[in-house]
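# Understanding the architecture of this molecule
Okay, here's what each chain looks like letter by letter:
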2 protein chains.
Amino acid sequence: MKPAVKVAVTGAAGNIAYSLIFQIASGNMLGKDQPVILQLIEIPPAMGVLQGVLMELDDCAFPLLESVMATDDIHKGFEDIDYALLVGARPRSKGMERSDLLLSNAEIFSAQGKAINAVAKPSVHVLVIGNPANTNALIAMHNAPDISCKQFTAMMRLDHQRTLAQLEIKTGVHHTKITKVAVWGNHSATQYPDINHALLDGKAALDCVEQAWVENALIPTVQNRGAAIIEARGASSAASAALSGVYHMNDWILGSHHNDWISMAVCTSGQYDIEQDLIFSFPVTCDHEDYKIVEGIEMNDFSLARLKITEQELIQERDAVRHLL
Amino acid sequence: MKPAVKVAVTGAAGNIAYSLIFQIASGNMLGKDQPVILQLIEIPPAMGVLQGVLMELDDCAFPLLESVMATDDIHKGFEDIDYALLVGARPRSKGMERSDLLLSNAEIFSAQGKAINAVAKPSVHVLVIGNPANTNALIAMHNAPDISCKQFTAMMRLDHQRTLAQLEIKTGVHHTKITKVAVWGNHSATQYPDINHALLDGKAALDCVEQAWVENALIPTVQNRGAAIIEARGASSAASAALSGVYHMNDWILGSHHNDWISMAVCTSGQYDIEQDLIFSFPVTCDHEDYKIVEGIEMNDFSLARLKITEQELIQERDAVRHLL
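Worth saying up front: this structure is predicted, and the values here are computed from it rather than measured.

## A closer look at the overall build of chain A
Helix and strand content of chain A: ten helices and 14 strands. Relative to the globule expectation of 20 Å for 325 residues, the C-alpha radius of gyration of chain A, 19 Å, shows essentially globular dimensions. Taking the principal axes of its C-alpha atoms as reference, chain A extends roughly 50 × 45 × 40 Å. Among the 325 residues that make up chain A, the fraction classed as buried is 59%. In the structure as shown, chain A presents an accessible area of about 12,500 Å², 50% of it carried by carbon and sulfur atoms. Within chain A, one finds 24 positive and 38 negative side-chain charges whose respective centroids are separated by 2 Å.

As C-alpha cells, then:
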C-alpha cells in the first residue's frame, strides 16, 4: 500500500463537502490503492455540525481512511497537505452587492493562500470550488508565491459535465461516447460551453445538432443549470458538484483519458489571446499530476466573441480585488 | 463490459438516497466493471425533488450509469430489477404511537413485497433500510411468496460499523485490523453489539478492554449512536447509512472478506434458538450472492440474555403486523 496523502477540505460541514468527503474516503478521487488522511476545516460556528460528520466518517470505517482531524485553524488544517479542496466560501446574503461578495471572499482566500504557502507541502495541488471560484483561486495563488501557479485551479468540471449531459439528452448518444467538449472562461453565467470540436461516437457534434439549438438551448441551459436544479430540488447542486471535484482531481492527479479533453480553470499566460494572469477555463489534458492547455484549436468568430465576454468579466473581478493580489 | 443490472431505490428523493444513489452510480456497490440502470421510486409529492436528483445524475455523466428512470408507480419501479434497496419509510410523526408507525409502514412494505413478487427478476436481492427495517423486511418477504426468503435482508451494517468505530476509538487499533465483531437482533435500541469473539490485530478484544466498558459504554453508545449524530449534525445519519447499504450489498453480492464476519438481518430458521421466521441480525459470511449464518459460536449467559431481549421485541413487532404476513 502507498503511504497516505493528506487532503484538506474547507467548508467541511457544508452540503457539498457532505457529499465530497465520503467520496474521497471511498477512494474515488485518488484511487483504491491510495490511503488518505483528511484534514477538515470549518469556521467556529460550524464545528459542532462537523463533529457529527466526523462521527459518521468513523462509522463508515473506510479501509483507505487512515485518520481524520477537524479544525477551525487553517494553519493546522493545511499543514503538510498534498491536496486542498477549497469548498467553503461566503454565500451572497440579502442586500449584498456582487462587489461585496467578491471582497469578503477575497479576504478568506487571501488568508488561505498565505497559510497554504506557509505550511502545505510545496507540491500541494489546490482546487477551488467555493464561488466566485476563478477569482478566489487567483487570490489564493497570488498569496502563495512559493508555490507554482500551475498548482492552483478552479472547478469548471461541473459545467463540462452539464454540457455532456445536455448533448446526451438531445442526441441520445451515451455520455461515454461524447468527447472533446470544452467550457471556456468563468464559472458564471458568462461561461462558454463549446461543442464546435466535440465528437458524438466519432461523428462531429455540429453535424448532429443545429447551431440554433446550441445558441438558444445548450448554452443558456448549461449557464443556468444551477438555478434550474435549485428550482427542482429546493437546494443547490451538492452531489454533482462534489463528484465534479472528484473527477477534476482524479484526472489531474492520475491522468485524463486519451483523445479527450476536460475543462479546468487555470492560470493564463497568453493562450488564445486571453489576458495574462487570470484563472480562466480551457480544454486541457492531464498527465503525471500536471495539466496542459490544448492549444491551436481553431476558433470561429462566435467563439471568439464569447471568449471576450467571459474574459471581460474575469478582468473586472480581478480589478475589484486587485489590492489583495 | 458486463450487461447492465437494474437497481431500484425507494425513498429516492430523501437524504439517505441522496448519498446512496451517487455511490451506486459510481460503481462502489457492485464494482467498477458493472454498468447499472437506476429505477428510482418516490411518492407523488416528492417527484419534483426527485427530478432535481435526476438532473444531477445526468450532470455527473457516470461512466457506469447506463440509464435512469423515476416513477411513483412501484410496478414500473420494480420491473425486472436485480436489486432493490428499500430506503423509503414513513417516519414517526408527532403523537404517533409505535404501533401506528409499525402498521403504516407494514402497509407500504406489504404492497412493495407484492409488487416485487409480481414484476422483479426471480433472482432479485432485497435490502431494507427504511425503519423499522427488520419487520418491514419480514412483511415484504411474506408478500413475495415466489421469491426465496434468503433474498430478503435488513440492514444492520451501520450498527456493525459503529461497533468497529467504537473499538478503534477505545483501543487505537485501526478498524482495518479489527475482525469478528457481530451485532445481533433488531435494528433498534435492543440490538446487541457483541465483541466476545472479536480480534484486534489478531488479539482477543476481551483481553484489550474491560467488560464494564463493553456493558456501560460500548453497547449503549452503539445502540444510541443515531441520536448522538442527530444531536451533533442537526440531521440524522445519511452518508454513513448509505455507505453501510453499499457495504452490505457489496459483500452480499461480491463476497465478504475471508476470516471475518459481517452483520446482516436475515430470516431465522432455528439458529441460536431464536424463534423461527423473524428477520434477525446474525454474524454472516457471504459468497456467490448468498449469505451463510455463522453457526456454533459459543454464547455466554450475558449474550444469551441480550439475544432474548431483542428477540422478544421482534416477536412483538411481528405480532403487531401479523394480519399482513
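Having seen the model, we can carry on.
## Description of the sheet that holds strand β10 (residues 199-200) of chain A
Residue and element names in this part refer to chain A. Strand order in this open sheet of three strands is β7-β10-β11, and the pairing throughout is antiparallel. Looking at strand neighbours, the two that pair on one side only are β7 (178-179) and β11 (203-204), the edges of this open sheet. In the sheet, β10 pairs with β11 via two bridges, with the strands oriented antiparallel. Bridge pairing in β11 places Leu-200 opposite Lys-203.

## So, the side chain of Ser19(A)
With respect to the helices and strands, Ser19(A) occurs in helix α1 (residues 15-26). Apart from the residues within four sequence positions on either side, Ser19(A) is in contact with Ala238(A), Ala239(A), Ala242(A) and Tyr18(B).

## Overview of the nonpolar core
Val7(B), Leu57(B) and Leu85(B) are the most contacted members of the largest nonpolar core, which totals 80 residues. By residue number, the principal contributor to this core is helix α1 (residues 15-26) of chain B, which donates seven residues. In contact with Val7(B), other than residues within four places in its own chain, are Ile24(B), Met29(B), Leu30(B), Val36(B), Ile37(B), Leu38(B), Gln39(B), Tyr83(B) and Leu85(B). In terms of nonpolar packing, the next biggest core, distinct from the first, is built from 78 residues, Val5(A), Leu164(A), Val266(A) and Tyr247(B) among them.

## Considerations on the interface of chain A and chain B
At the interface, 43 residues of chain A touch 43 residues of chain B. Along the contact surface separating chain A from chain B lie six salt bridges. Note that Arg233(A) is salt-bridged to Glu56(B), the shortest N-O span being 3.5 Å. Counting the contacts that link chain A with chain B gives 30 residue pairs in polar contact (both at pLDDT 80 or more). Taken together, the elements giving at least two residues each to the side of chain A that touches chain B come down to α1, α2 (47-60), β3 (65-71), α6 (157-171), α8 (225-233) and α9 (239-254) of chain A.

## A word on the relation of the copies chain A and chain B
Structural alignment of chain A on chain B gives an RMSD of 0.0 Å, achieved by rotating through 180° and translating 0.0 Å along the axis. Such values leave the two copies arranged in the relation of a two-fold axis. Rotation axis and chain A: the residue whose C-alpha lies nearest the axis is Ser19(A), separated from it by 3.4 Å. Here 100% of the contact residues of chain A are again contact residues in chain B; the copies associate through an equivalent surface.

## What to know about the pattern of salt bridges
Residue and element names in this part refer to chain B. Inspection of every chain in the model, using the stated rule, returns 24 salt bridges over all chains. Between Asp-33 and Lys-2 there is a salt bridge; the shortest N-O distance is 3.6 Å. Separated by 31 residues along the polypeptide, Asp-33 in the loop between α1 and β2 (36-41) and Lys-2 in the segment before β1 (5-10) bring together distant segments of the chain. Judged by relative accessible area, which is 37%, Lys-2 ranks as partly exposed. Across the salt bridge formed by Asp-80 and Lys-6, the nearest N and O atoms sit 3.4 Å from each other. A residue pair is termed long-range when its members are at least 10 positions apart, and Asp-80 in the loop between α3 (74-77) and β4 (83-86) and Lys-6 in strand β1 qualify at 74 residues.

## Looking at the packing of α1(B) against helix α9 (residues 239-254) of chain B
Residue and element names in this part refer to chain B. Two numbers describe how α1 lies on α9: the axes approach to 8 Å, and their chain directions differ by 40°. Of the possible angle classes, the one that applies to α1 and α9 is oblique. When you trace α1 past α9, the crossing you get is right-handed. Contacts between α1 and α9 pair Ile-16, Ser-19, Leu-20 and Gln-23 from the former with Ala-239, Ala-241, Ala-242, Leu-243 and Val-246 from the latter. Here the contact of α1 with α9 is composed, by residue class, of seven nonpolar, two polar and no charged.

## Side note on the environment of Asp146(A)
Note on placement: Asp146(A) falls in the loop between α5 (133-142) and β6 (152-155). Remark: the alpha-carbon pair of Asp146(A) and Gly95(A), spanning 51 residues in sequence, is separated by 38 Å.

## Some words on the side chain of Ser188(A)
Residue and element names in this part refer to chain A. Residue position: Ser-188 is located in the loop between β8 (182-184) and β9 (192-194). A relative accessible area of 14% places Ser-188 in the buried class. A distance of 2.5 Å separates a polar atom in the side chain of Ser-188 from a polar atom in the side chain of Glu-313.

What counts and how
Residues numbered from 1 in each chain as written. Chains lettered and ligands numbered in written order. Predicted model: local features only at pLDDT ≥ 70, side-chain atom pairs only at ≥ 80, totals over all residues. Heavy atoms only, no water. Helix = DSSP H or I, 4+ residues; strand = E, 2+ residues; numbered from the N terminus. Rg over C-alpha atoms; globule rule 2.2 N^0.38 Å. Buried < 20%, exposed > 50% of the residue type's maximum accessible area, 1.4 Å probe, protein only. Areas by Shrake-Rupley, 256 points an atom, 1.4 Å probe, with all protein chains shown as cover. Lys, Arg positive; Asp, Glu negative; His and termini not counted. Charge placed at Lys NZ, Arg CZ, Asp CG, Glu CD. Pairing = 2+ DSSP bridges. Contact = heavy atoms within 4.5 Å. Core = buried A, V, L, I, M, F, W, Y, C linked by side-chain atoms within 4.5 Å. Salt bridge = Lys/Arg side-chain N within 4 Å of Asp/Glu carboxyl O. Polar contact = N/O pair within 3.5 Å; in protein donor to acceptor, adjacent residues only side chain to side chain. Least-squares fit on C-alpha atoms with pLDDT ≥ 70 in both. Axes fitted to C-alpha atoms, helices over the stretch in contact; angles between N-to-C directions. Parallel < 35°, antiparallel > 145°, perpendicular 65-115°, else oblique. Left-handed = near helix turned anticlockwise from the far one by under 90°. Nonpolar A, V, L, I, M, F, W, Y, C, P; charged D, E, K, R; others polar.

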